[in-house]
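Residue-level structure breakdown
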Amino acid sequence: DAMVIQNPRYQVTQFGKPVTLSCSQTLNHNVMYWYQQKSSQAPKLLFHYYDKDFNNEADTPDNFQSRRPNTSFCFLDIRSPGLGDAAMYLCATSRAGGLTSGRADTQYFGPGTRLTVL
Amino acid sequence: DAKTTQPTSMDCAEGRAANLPCNHSTISGNEYVYWYRQIHSQGPQYIIHGLKNNETNEMASLIITEDRKSSTLILPHATLRDTAVYYCIVRPGYNAGNMLTFGGGTRLMVKP
């Protein structure tokens, strides 16, 4: 089945130690998103890639970076994790119809990676 | 994005219909109504979306009022596995960069 895959499902890192979370998709979607969800809160968008174009949300800290080497894969890099970065990180994908298509592009989510910072 | 208002929590008896309301009084003409749900410790799951007309799929029905200022998600025969947080989101349909702005959602508890 076509799907969005996130690895690992659980990640433990130390304060200040760089960590990378990965997302892959078999949907051949051209847009990939990263959301952060802290405990008991709603998901919040960090950034997204529209094909190779990177779009950062204004309030996303510089500590968070992303890479998309090809259509199928997207990575979230946290350069120096702090205790406040402990959260569930969600990857989502969609197929964009473009600015003039008028078609809603539904986002499909992976299962998430739960990050613990010690 | 237009903001939505949902009840914080609701209960529903197993086997009965669950009707989840959502107010989106500032919705504009090109904005769709989307519903997602999130079961504990899982990623959000797409349920259904609509623009003007009522919609139905294998998971649920979406009823949108004629003035589009509110909508109701209907789970016709709720099961225990439908216990989740349900998010109502409005967003333009044409721009891939438009994020899903999640509000507080409704925590639905299906009880035996």
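Use the structure listed above.
In what follows, the accompanying structure is described. (Residues numbered from 1 in each chain as written. Chains lettered and ligands numbered in written order. Predicted model: local features only at pLDDT ≥ 70, side-chain atom pairs only at ≥ 80, totals over all residues. Heavy atoms only, no water.)

1. Let's talk about the state of the cysteines
Counted under the stated rule, the structure contains two disulfides over all chains. Here Cys23 of chain A connects covalently by a disulfide to Cys91 of chain A, the sulfurs 2.0 Å from one another. Linking Cys23 of chain A and Cys91 of chain A, the disulfide has an S-S dihedral of approximately -75° and is accordingly described as left-handed. Of this pair, Cys23 of chain A sits in strand β3 (residues 19-25) while Cys91 of chain A sits in strand β9 (residues 87-94), placing them 68 residues apart in sequence. Judged on exposure class, the residue Cys23 of chain A and its partner Cys91 of chain A are both buried. Each sulfur of the disulfide joining Cys22 of chain B and Cys88 of chain B lies 2.1 Å from the other. Taking the sign of the S-S torsion, about -80° here, the bridge from Cys22 of chain B to Cys88 of chain B comes out left-handed. Separated by 66 residues along the polypeptide, Cys22 of chain B in strand β2 (residues 18-23) and Cys88 of chain B in strand β8 (residues 84-92) bring together distant segments of the chain. The exposure class assigned to Cys22 of chain B is buried, which follows from its relative accessible area of 1%. (Disulfide = S-S within 2.5 Å. Helix = DSSP H or I, 4+ residues; strand = E, 2+ residues; numbered from the N terminus. Buried < 20%, exposed > 50% of the residue type's maximum accessible area, 1.4 Å probe, protein only.)

2. Things to note about the pairing of strand β4 (residues 31-37) of chain A
All names here are of chain A. Counting buried residues in β4 gives seven out of seven residues, a clear majority hidden from the surface. The side-chain alternation of β4 yields two buried faces, one formed by Val31, Tyr33, Tyr35 and Gln37 and the other by Met32, Trp34 and Gln36. By the bridge criterion, six bridges tie β4 to strand β5 (residues 44-50) in an arrangement that is antiparallel. Across the sheet, residue Tyr35 finds its bridge partner in β5, namely Leu45. Direction of pairing for β4 relative to β9: antiparallel, over a ladder of seven bridges. Residue Gln36 lies in a different strand from β9, and its bridge partner there is Tyr89. (Pairing = 2+ DSSP bridges.)

3. Side note on the pattern of salt bridges
On inspection of all chains with the given rule, the structure shows four salt bridges over all chains. We note a salt bridge from Lys44 of chain A to Asp59 of chain A, for which the minimum N-O separation is 3.0 Å. With a gap of 15 residues between them, Lys44 of chain A in strand β5 and Asp59 of chain A in the loop between β6 (53-56) and β7 (64-67) connect regions that are remote in the sequence. Across the salt bridge formed by Arg37 of chain B and Asp82 of chain B, the nearest N and O atoms sit 2.7 Å from each other. Here Arg37 of chain B is found in strand β3 (residues 31-38), whereas its partner Asp82 of chain B is found in the loop between β7 (70-75) and β8, with 45 residues between them in sequence. Judged by relative accessible area, which is 10%, Arg37 of chain B ranks as buried. Owing to a relative accessible area of 12%, Asp82 of chain B belongs among the buried residues under this scheme. (Salt bridge = Lys/Arg side-chain N within 4 Å of Asp/Glu carboxyl O.)

4. Section: the nonpolar core
Residues and elements named next belong to chain B. Core analysis: the biggest nonpolar cluster contains 21 residues, and Trp35, Leu73, Tyr86 and Leu108 have the highest contact counts within it. Among the elements of the structure, β2, β3, β4 (45-50), β6 (61-64), β7, β8 and β9 (106-111) are those that each provide at least two residues to this core. The element best represented in this core is β8, accounting for four residues. Every residue in contact with Leu108, bar those within four places of it in the chain, is listed here: Met10, Asp11, Cys12, Ala18, Leu20, Leu75, Asp82, Thr83, Ala84 and Tyr86. (Core = buried A, V, L, I, M, F, W, Y, C linked by side-chain atoms within 4.5 Å. Contact = heavy atoms within 4.5 Å.)

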